[in-house]
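Take a look at the letters that make up each chain.
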Amino acid sequence: MYYGRAFFVTCLSEWLYRLIGIIILYLLTFTFYLLICAVCQVRKVVKEDEAVAKVKAEETQAIADDAQRDLDEALPALEAAIKVTSQNL
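This structure is a prediction, so every number in the text was calculated from the model and none was measured.

Visitor: Any chance you could explain the overall build of the protein here in plain terms?
Guide: Secondary structure summary: the protein contains one helix and zero strands in total. Relative to its full complement of 89 residues, the protein shows a buried share of 0%. Just so you have it, the protein exposes about 8,500 Å², and 68% of that area is on carbon and sulfur atoms. Separation of charge centres in the protein, based on 9 positive and 12 negative side chains, amounts to 18 Å.

Visitor: When you look at the packing of aromatic side chains in this model, what are you seeing that I'm missing?
Guide: What characterises a pair of aromatic rings is the spacing of the ring centres plus the angle enclosed by the ring planes. All chains considered together, the criterion is met by three aromatic pairs. Look at phenylalanine 7 and phenylalanine 8: their rings are 5.7 Å apart centre to centre, the planes differ by 70°, and that puts the pair in the edge-to-face class. On the accessibility criterion, phenylalanine 7 (39% relative accessible area) is partly exposed. For the ring pair tyrosine 26 and phenylalanine 30, a centre distance of 6.2 Å and an interplane angle of 15° mean the geometry is stacked. A residue pair is termed a helical-turn pair when its members lie 3 or 4 positions apart in one helix, as tyrosine 26 and phenylalanine 30 do in helix H1 (residues 5-88) at four residues.

Visitor: How do you make sense of the pattern of salt bridges when you look at a structure like this?
Guide: Between side chains of opposite charge, pairing is possible as soon as their charged atoms come close. Counted according to the given criterion, the structure contains one salt bridge. Across the pair aspartate 66 and arginine 69 runs a salt bridge whose closest N-O atoms are separated by 3.6 Å. Of this pair, aspartate 66 and arginine 69 both sit in helix H1, three residues apart, which is roughly one turn of that helix. For aspartate 66, a relative accessible area of 37% gives the class partly exposed.

Visitor: Where do I start with the environment of isoleucine 36 in this structure?
Guide: Mapped onto the elements, isoleucine 36 comes out in helix H1. Classification of isoleucine 36 by relative accessible area gives partly exposed; the value is 38%. Counting along the chain gives 14 residues from isoleucine 36 to isoleucine 22, while the straight-line C-alpha distance between them is 21 Å.

Rules used throughout
Residue numbers here run from 1 along each chain, matching the order of that chain's written sequence. Under the rules for a predicted model, residues below a pLDDT of 70 receive no local features and side-chain atom pairs below 80 are neither given nor counted, while totals for whole chains, interfaces and linings still include all residues. Heavy atoms throughout the structure, all of them, feed into the side-chain values; hydrogens and water do not. Numbering of helices and strands runs from the N terminus, with a helix taken as a DSSP run of H or I at least four residues long and a strand as a DSSP run of E at least two residues long. For every residue, the accessible area obtained with a 1.4 Å probe (protein chains only) is divided by the maximum for its type, and the residue is called buried under 20%, exposed over 50%, and partly exposed between those limits. Computed with the Shrake-Rupley method and a 1.4 Å probe, the accessible areas treat only the protein chains shown as cover for residues. Only four residue types enter the tally: Lys and Arg on the positive side, Asp and Glu on the negative side; His and the chain ends are excluded. The atoms used to mark charge sites are NZ of Lys, CZ of Arg, CG of Asp and CD of Glu. Stacked, tilted and edge-to-face are the three classes assigned to paired rings of Phe, Tyr and Trp, where Trp is represented by its six-membered ring and a pair needs centres within 6.5 Å; plane angles under 30 degrees give stacked, over 60 edge-to-face, the rest tilted. Between Lys or Arg on one side and Asp or Glu on the other, a salt bridge is scored when a side-chain nitrogen of the former is within 4 Å of a carboxyl oxygen of the latter.

Don't take any of this as a statement about function, it's just geometry.
Here is the structure:
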């Protein structure tokens, strides 16, 4: 049985269209994979930064609490000094 040139061109065209579809699907899948990898990397960096920020916040809160205790201790002495000073004027 003889197949003409048109038949082979048609078969080749169909095969190429299918191959192009497979390549496009592969590229989309690979691109999606790269995007997921990038998101995971960003998420990792954000979690690390979040941990550092949490430690800094705890340290800052400890300093603020210490300063507040010092202020609470010093204010009565200041008020007493102001009262004594104002009585002596």
